[in-house]
Amino acid sequence: MEQQEVVSPMQMGVLFYTFMTGSSIINIPSPLIGKADNSAWLSLIISGAVGMALLACMLYLHGRFPRLSYVEYSRKLIGTWPTLVIAVLPLSCLLHMLSAIVLDISLFMQSAMLRETPTYSFTSLIFMVAALTVRAGLEVMARMFTMIMTLVVIFVSAVLLLAIEDYSPGHLVPLMPEGVLPVLKGAFFSYGFPYAELFLFAMLLQFVHKTANSELKRKMILALLLNITTLCVSIVCTIMLFGPLAGIKKYSLYELARTVEVQEIITRIESVIGISLIAGSYMKATITLYVLSLFITHLFKLQNYRMIVTPIALIAFLHTLVGFKSDMQWVEMVSIVHPLWVTFAFTAPLLLVTAVAAIRRRVR
């Protein structure tokens, strides 16, 4: 096995925040508002609390097995064959996630910017760059993504602040006008994307320096709290600007940027949000490709994850060409199928392994 890379708790926290926020800040507001109306921020808090519980399970397992990845301590706790059996769903879901993240960039570019350009021209380039980034290693990713994510946060914050004079706080009331059911539907959606997906970091925590476990817990919890806050702010700002129309605009934050105009000097800055979406989704796709390659490497005890990165990227690229037939199928997949899929692929195995680890510790 190759020499293991090492990152600091701060770098892992940045990677975690990048993964959870990168594409979510653009893609979450509109569909979540469409499901929960002006109570969408409340749905996000509920799903974020579920995400915090899953993070607690993940950190508990990492504390028990700091030198092992999820696959390795799962094999140790429940055995080799059960690990192989329950790995089928995570593998398929990771491949689906990878294809969907990259396809989402292409759909955005095609619908908002370059309407006549075929999707494969975007997906092929993104997969190529992501594969090269993964081959560079986790340490390079951590340093590079810190700079990129800082710029993304600055861009999005600037757009939200520039639009402040158009906000109408009255759009935030009444709270839960149709009862609690829409809020729960929104929470189910945002639980599937992005909070159940934090499972991927069960494969990455092993790369943090072994003497920094307590600091790692603080950084990961802080990163998740920052993610929840960031998404809540973007949702509240979107509702205050568009009101009842916020849920029907496909990329509401992009549409928000189109309304910004300051003294006829600062105008047409939606390209900044477009760049933020592309950068955020690229970083999330890269982390997903890295985890998928590492998952397969540890599952089948291969020598080097780098030798399978390019084949996986090629398979995911082909999946984007044949796996999604229409925009309506895409919406159904993200809203209904994905939350159920990640529940069985990510949440259930994580809870199972956590329960076994806790029971074995008590027995001893």
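Everything numeric in this text was worked out from a predicted model, so none of it was measured.

(A) Examining the packing of aromatic side chains more closely. All told, the structure shown has twelve aromatic pairs when counted by the stated rule. Seen from their ring centres, Phe16 and Phe201 are 5.1 Å apart, and the 80 degrees between their planes marks the pair as edge-to-face. With Phe16 in helix α1 (residues 9–21) and Phe201 in the loop between α10 (181–192) and α11 (213–242), this pair connects stretches of sequence that are 185 residues apart. Side by side, Phe16 and Phe201 carry an identical accessibility label, which is buried. Between Tyr70 and Tyr73, the ring centres sit 6.0 Å apart and the planes meet at 85 degrees, which makes this aromatic pair edge-to-face. A residue pair is termed a helical-turn pair when its members lie 3 or 4 positions apart in one helix, as Tyr70 and Tyr73 do in helix α5 (residues 70–78) at three residues. Take Tyr70: its relative accessible area is 2%, and that puts it in the buried class. Overall, Tyr73 belongs to the buried group, its relative accessible area being 2%. Cluster of aromatic residues (ring-pair linked, three or more members): Phe65, Tyr70, Tyr73, Phe199, Phe295 and Phe346.

(B) Focus on the side chain of Thr320. Along the polypeptide, Thr320 turns up in helix α14 (residues 309–322). Each residue touching Thr320, except ones within four places of it in the same chain, is listed here: Ser99, Leu103, Thr123 and Phe127.

(C) Examining the packing of helix α8 (residues 119–136) against helix α13 (residues 270–299) more closely. The geometry of α8 relative to α13 is characterised by a closest axis approach of 9 Å and an angle of 55 degrees between their N-to-C directions. Taken together, the axis directions place α8 and α13 in an arrangement best described as oblique. In this structure, α8 crosses over α13, and the sense of that crossing is right-handed. Contacts from Val129, Ala130, Ala131, Thr133 and Val134 of α8 reach α13 at Tyr282, Thr286, Leu289 and Tyr290. Here the residues of the contact of α8 with α13 are counted per class, giving seven nonpolar, two polar and no charged.

The rules behind each value
- Residues numbered from 1 in each chain as written.
- Predicted model: local features only at pLDDT ≥ 70, side-chain atom pairs only at ≥ 80, totals over all residues.
- Heavy atoms only, no water.
- Phe/Tyr/Trp six-rings, centres within 6.5 Å; stacked < 30°, edge-to-face > 60°.
- Helix = DSSP H or I, 4+ residues; strand = E, 2+ residues; numbered from the N terminus.
- Buried < 20%, exposed > 50% of the residue type's maximum accessible area, 1.4 Å probe, protein only.
- Contact = heavy atoms within 4.5 Å.
- Axes fitted to C-alpha atoms, helices over the stretch in contact; angles between N-to-C directions.
- Parallel < 35°, antiparallel > 145°, perpendicular 65-115°, else oblique.
- Left-handed = near helix turned anticlockwise from the far one by under 90°.
- Nonpolar A, V, L, I, M, F, W, Y, C, P; charged D, E, K, R; others polar.

Coordinates in, geometry out; function isn't part of it.
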